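Chains, contacts and geometry: an overview
Spelled out, the chains give:
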Amino acid sequence: MPIAYLSRRESFSAAHRLHSPELSDADNVAIFGKCNNPNGHGHNYEVEVVIRGEIDPRTGMVMNLTDLKEIMRQAIMEPLDHKHLDKDVPYFATVPSTTENLAVYIWRQLVPLLPAGRLYEVCIHETDRNVIIYRGD
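Residues numbered from 1 in each chain as written. Predicted model: local features only at pLDDT ≥ 70, side-chain atom pairs only at ≥ 80, totals over all residues. Heavy atoms only, no water.

Rules: UniProt positions are given in the numbering used here, feature names are shortened, and annotations may be inferred rather than shown by experiment.
Per an unreviewed UniProt entry, the chain goes by the name 6-pyruvoyl tetrahydrobiopterin synthase and belongs to Capsaspora owczarzaki. Regarding the chain, the UniProt comment filed under Pathway (unreviewed entry) reads as follows: "Cofactor biosynthesis; tetrahydrobiopterin biosynthesis; tetrahydrobiopterin from 7,8-dihydroneopterin triphosphate: step 1/3." According to UniProt, the comment filed for the chain under the heading Catalytic activity (unreviewed entry) is "7,8-dihydroneopterin 3'-triphosphate = 6-pyruvoyl-5,6,7,8-tetrahydropterin + triphosphate + H(+)".

Here it is, written out as structure tokens:
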């Protein structure tokens, strides 16, 4: 069976503060600079989810895009859009809300909602210049 990669993008807005409880306040400022602002700052994130799988000979699809859209709504949009990551998402109460950790969070939200072994990649554009790719490693 042929293998294909299906990709879907969504955009969401969220605020956060880059701060690690493992570091002193001085170290946090030295490492994170202006992104350690106690009041936080925001991003318009763009997240791309890539699904890998065999093309179903009956439907001609790796996965129904309508299903993927709904899964992304549940796993990404509902918990993250227009939220303060550190205050509204329990995962980030003890984990620094870097884009790397955001990609891990999204991966973990998606895995139980998708067919086993289908999630290939989560790619987050924090800005036009800053991109994180996570593949479950």
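Things to note about the sheet that holds strand β2 (residues 41-54)
Here is the rule: We treat two strands as partners when DSSP finds at least two bridges between them. To qualify as a helix, a DSSP run of H or I must reach at least 4 residues; to qualify as a strand, a run of E must reach at least 2; elements of each kind are numbered from the N terminus. Here a residue-residue contact requires only that any non-hydrogen atoms of the pair lie within 4.5 Å. Each axis is a line fitted through C-alpha atoms, and for a helix only the stretch in contact is used; angles between axes span 0 to 180 degrees, taken between their N-to-C directions.
The strand order across the open sheet formed by 5 strands is β3-β1-β2-β4-β5, and the pairing between neighbours is mixed. Two strands lie at the open edges of the sheet, namely β3 (83-84) and β5 (131-134), each paired on one side alone. Sheet topology places strand β1 (residues 3-16) next to β2; 14 bridges connect them, and they run antiparallel. Residue Leu6 lies in a different strand from β2, and its bridge partner there is Ile51. Helix α2 (residues 65-80) rests against β1, β2 and β3 of the sheet, and its axis sits at about 25° to β1. This element, helix α4 (residues 99-110), spans β1, β2, β4 (119-125) and β5 of the sheet and lies at about 145° to β4.

Some remarks on the packing of α2 against α4
Here is the rule we go by: With respect to orientation, any angle under 35 degrees is reported as roughly parallel, any angle over 145 as roughly antiparallel, any angle of 65 to 115 as roughly perpendicular, and every other angle as oblique. Crossings are assigned a handedness: left-handed for a near helix turned anticlockwise from the far helix by less than a right angle, right-handed for a clockwise turn. Gly falls in the polar group here, along with every residue not listed as nonpolar (Ala, Val, Leu, Ile, Met, Phe, Trp, Tyr, Cys, Pro) or charged (Asp, Glu, Lys, Arg).
In the contact formed by α2 and α4, the axes pass within 9 Å of each other and the chain directions differ by 135°. Comparing their axes, α4 and α2 come out oblique. The element α2 and its partner α4 pack so that their crossing is right-handed. Residues Ile71, Met72, Ala75, Ile76, Pro79 and Leu80 of α2 lie in contact with α4, whose contacting residues are Leu102, Tyr105, Ile106, Gln109 and Leu110. Residue classes in the contact of α2 with α4 are distributed as 10 nonpolar, 1 polar and no charged.

Some details on the nonpolar core
Stated formally: Nine residue types can take part in a nonpolar core, namely buried Ala, Val, Leu, Ile, Met, Phe, Trp, Tyr and Cys, and a core is a set of them joined through side-chain atoms within 4.5 Å. Relative accessibility under 20% of the residue-type maximum defines a buried residue, over 50% an exposed one, and the middle range a partly exposed one, all with a 1.4 Å probe and only protein chains included.
In this structure, Ile76, Ile106 and Leu110 are the most contacted members of the largest nonpolar core, which totals 33 residues. Elements represented by at least two residues in this core include exactly β1, β2, α2, α4, β4 and β5. If we skip the residues at most four places from it in the chain, Ile106 touches Val47, Ile76, Leu80, Val122 and Ile124.

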